[in-house]
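Secondary and tertiary structure notes
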Amino acid sequence: MEQADVRSLTNQLAEDLAWLEEHARSQPQHVAQAAELHYAAALLRNVVAPYLEGQGPQPLHVAVVGGAGAGKSTVANMLCGAILAESNPQAGFTRHPVAYAPVNGAIAWPSSLGFLGPLQRLSKPEPSSLDADVYQVRRVSQEAGEFGVLENFLVWDCPDMTTWQATGYVPRLLEVAALADVLVYVASDERYNDEVPTEFLRLLLRSGKMVVVCLMKMREADVPAFVAHFQRAVLDQMPARAVAILTVPQLTRAQLVDPNRNAPAFRVPIVNQIFVLGSPASAARQRTVRSATAYLHSHQQHLLNVARDDLIALERWGQLVREGQLEFDNRYRREFLTNERFHRFDEALVRLLELLELPGVGRFVSKTMDVLRLPWTMTKKLFHTALARPDATGMPEQRVLEDALAGWTDLLRKEAARRAQTHPLWQHVHDGFNSGLVDVIKGRFGDSLKTFEIGLGEEVERTARSIYEDLEKNPVALNAFRSTKFALEVTTILGSAGAIIYTGGIGLPFVLGAAAAMPLAASVIQMLVDFFGKQFVDFHREQTRDRQQALVTQHVSAPMAEWLTQWPTTGGSTHERLQRILQRLPANLQQLQEAVDGAIK
Ligand SMILES: Nc1nc2c(ncn2[C@@H]2O[C@H](COP(=O)(O)OP(=O)(O)O)[C@@H](O)[C@H]2O)c(=O)[nH]1
Ligand SMILES: [Mg+2]
């Protein structure tokens, strides 16, 4: 992957996660997740992006974290092999991260965008109780003969874990925790299982960090029992294992002031453990990068959970729009299509019946038949006049469509008003309806009607015409129909005439009977032709209804439903951004995973 692509990928991911963090913060039920999202973004900015941009493994970072007063500064002291001002009881709370570095040598900081997020580096020493989004680097000289981890690591003394609110100095802690290759989790026997630090530990382990647990302040005799208890009560409930549990029992005053000289028995195991985890440095860093990427990739659904309620609301909205569309379509059929006769089809029927007449002799025969079937034609006319439904007096199409649309928007407006308090999405739609959304809908509706009308006119004409044109274009079939009809007619005439000749006046009643039968047979033939012709045309008429319904759906209601469904997620709304993130985050994380796999062979 090109450097520029890497940069834009990691930037976009970090921005999206930051946006989700803000989004989580704005919802009381998701506030706790804001911290995790901040941490996820920090993993990206502080660990993955620098690595992909070619940042070397030196220095590694070890962060000392834990609850208030657990003994973090004391442990930082031990790690550095120097006496730090911070472990002094008067030092006060650590409110911003402080990095300890050897007295000499430049520190190779990554130059990637967003490194350490909001934290600015202090240019001059300040007390670590300074409450600002800053970090500082303090140079320490290791005492002769004391062996710390500073050669490989920057040692970070961190603010306390006190809240999940991801406000105040928690983000500062999260930045450094994300940056760290190794963490020392400090817990004292006074408060070893406070909710916040324990949740924090869970996050560190879940994200694949190397965590060394350091238990403090217990009586020496209680060490084994406390370790076992901590293992059972805390570590066994975690999603992954800690690297090790080390202990620092209650120190004497002298040991506290100078643990390097006075408490080597406790200090050396800690230093060794960290040293081992940091060598070789390149392997340690690769592990950090790989774990961070794997965590982001495998926990994306969990991270996107803050959008769960939004997704549910969006899904409900879409459902409501679809319900409205269904009713719109039904109403169009009920109030318009069912009543619509499509007169063009009646004309098509006439044309069809005309076509079935043979020219020439056939016409003569048919004329004869016309005379013969006069009684039927007359009866039929009377019959039809008596029974024919008056032409439907339904509403004009435009009116029906407009009313159906009004019904649809009413449904949406009422539901949005009813649910406005349940989720910001409904509130957003509700606000939309209060500021002219109905007019926008009407405008769009008018536009789609135009396309629909053009489509429809052509459609009806084409279908109606095809009723007789198909037959015209197919002489074989046409002649077959005509011949059948002609043959039937001739048979009728000849048969009747033959009957008259044959009986030769022998039995007048029979002759009369045959003569009477002739018109009847002729009428039956015509009736059948009419009947099937009408069936045929009606079949097409019904198909045209279906087709017209489909056209309304295609050109009017479906585009409208699509637009309405999207409406809350357009126009720069929160939901638009959310939708975009939901769409691209998984793909981006996949790309990130591949980029990291490619970089770490
Ligand atoms: N007596 C005694 N005090 C300790 C021990 N470890 C830490 N402390 C004290 O506990 C307080 C908090 O320790 P500190 O390392 O500053 O904790 P932090 O707030 O986590 O950085 C300080 O007053 C330390 O002097 C210990 O083993 N024995
Ligand atoms: Mg401290």
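Residues numbered from 1 in each chain as written. Chains lettered and ligands numbered in written order. Predicted model: local features only at pLDDT ≥ 70, side-chain atom pairs only at ≥ 80, totals over all residues. Heavy atoms only, no water.

**Points about the confidence of the model for the protein chain**
Taken over all residues, the pLDDT of the protein chain has a mean of 85, while the share at 70 or more is 86%. Ignoring residues within four places in sequence, the model shows residues 385–392, a span with pLDDT below 50, making three contacts including any to other chains. (pLDDT = per-residue confidence, 0-100. Contact = heavy atoms within 4.5 Å.)

**Quick word on the site of ligand 1**
Every one of the 13 residues lining ligand 1 counts as a neighbour, but Gly-71, Lys-72, Ser-73, Thr-74 and Gln-250 are closest to it. Between ligand 1 and Gly-69, the relevant distance is 3.1 Å, taken from an oxygen atom to a main-chain nitrogen or oxygen of the residue. In the model, an oxygen atom of ligand 1 is placed 2.9 Å from a nitrogen or oxygen of the Ser-73 main chain. Top element by residues in the shell around ligand 1 is helix H3 (residues 72–80). It accounts for three residues. Its residues placed into classes, the shell around ligand 1 shows five nonpolar, six polar and two charged. (Near = heavy atom within 4 Å. Polar contact = N/O pair within 3.5 Å; in protein donor to acceptor, adjacent residues only side chain to side chain. Helix = DSSP H or I, 4+ residues; strand = E, 2+ residues; numbered from the N terminus. Nonpolar A, V, L, I, M, F, W, Y, C, P; charged D, E, K, R; others polar.)

**Some points on the packing of aromatic side chains**
All chains considered together, the criterion is met by eleven aromatic pairs. Note on Phe-328 and Trp-408: the rings are 5.5 Å apart at their centroids and 45 degrees apart in plane angle, and the pair reads as tilted. With Phe-328 in helix H12 (residues 308–335) and Trp-408 in helix H16 (residues 397–419), the pair connects residues that are 80 residues apart, well separated along the chain. Judged by relative accessible area, which is 2%, Trp-408 ranks as buried. Through a chain of ring-to-ring contacts, the aromatic side chains of Trp-109, Phe-115, Tyr-135 and Trp-156 assemble into a single cluster. (Phe/Tyr/Trp six-rings, centres within 6.5 Å; stacked < 30°, edge-to-face > 60°. Buried < 20%, exposed > 50% of the residue type's maximum accessible area, 1.4 Å probe, protein only.)

**Here we look at the sheet that holds strand S4 (residues 134–140)**
The strand order across the open sheet formed by eight strands is S3-S4-S2-S5-S1-S6-S7-S8, and the pairing between neighbours is mixed. Two strands bound the open sheet, and with one partner strand each, they are strand S3 (120–121) and strand S8 (244–248). By the bridge criterion, five bridges tie strand S2 (residues 98–102) to S4 in an arrangement that is parallel. Looking at the pairing, Ala-101 lines up with Arg-139 of S4. Running at roughly 135 degrees to strand S7 (residues 210–216), helix H6 (residues 223–233) makes contact with strand S6 (182–188), S7 and S8 of the sheet. (Pairing = 2+ DSSP bridges. Axes fitted to C-alpha atoms, helices over the stretch in contact; angles between N-to-C directions.)

**A closer look at the side chain of Ser-73**
Positionally, Ser-73 belongs in helix H3. Residue class for Ser-73 comes out buried when judged on its relative accessible area of 15%. A polar side-chain atom of Ser-73 sits 2.8 Å from a polar atom in the side chain of Asp-157.

**Here's the deal with the pattern of salt bridges**
All chains considered together, the criterion is met by 35 salt bridges. Among the salt bridges present, the one from Glu-335 reaches Arg-331, with a minimum N-O distance of 3.2 Å. With Glu-335 and Arg-331 both in helix H12, this residue pair falls four residues apart, about one helical turn. With a relative accessible area of 25%, Glu-335 lands in the partly exposed category. The residue Glu-469 makes a salt bridge to Arg-465 at a minimum N-O spacing of 3.3 Å. (Salt bridge = Lys/Arg side-chain N within 4 Å of Asp/Glu carboxyl O.)

**With respect to the pairing of S8**
Burial along S8 is one-sided: Ala-244, Leu-246 and Val-248 are buried, and none of Ile-245 and Thr-247, which face the opposite way, are. As paired strands, S7 and S8 are joined by five bridges and run parallel to one another. Considered in S8, the bridge of Val-213 is made with Ile-245. In the classification by handedness, the crossover that spans S7, the intervening H6 and the parallel S8 is right-handed. (Right-handed = clockwise from strand over helix to strand, strands pointing away.)

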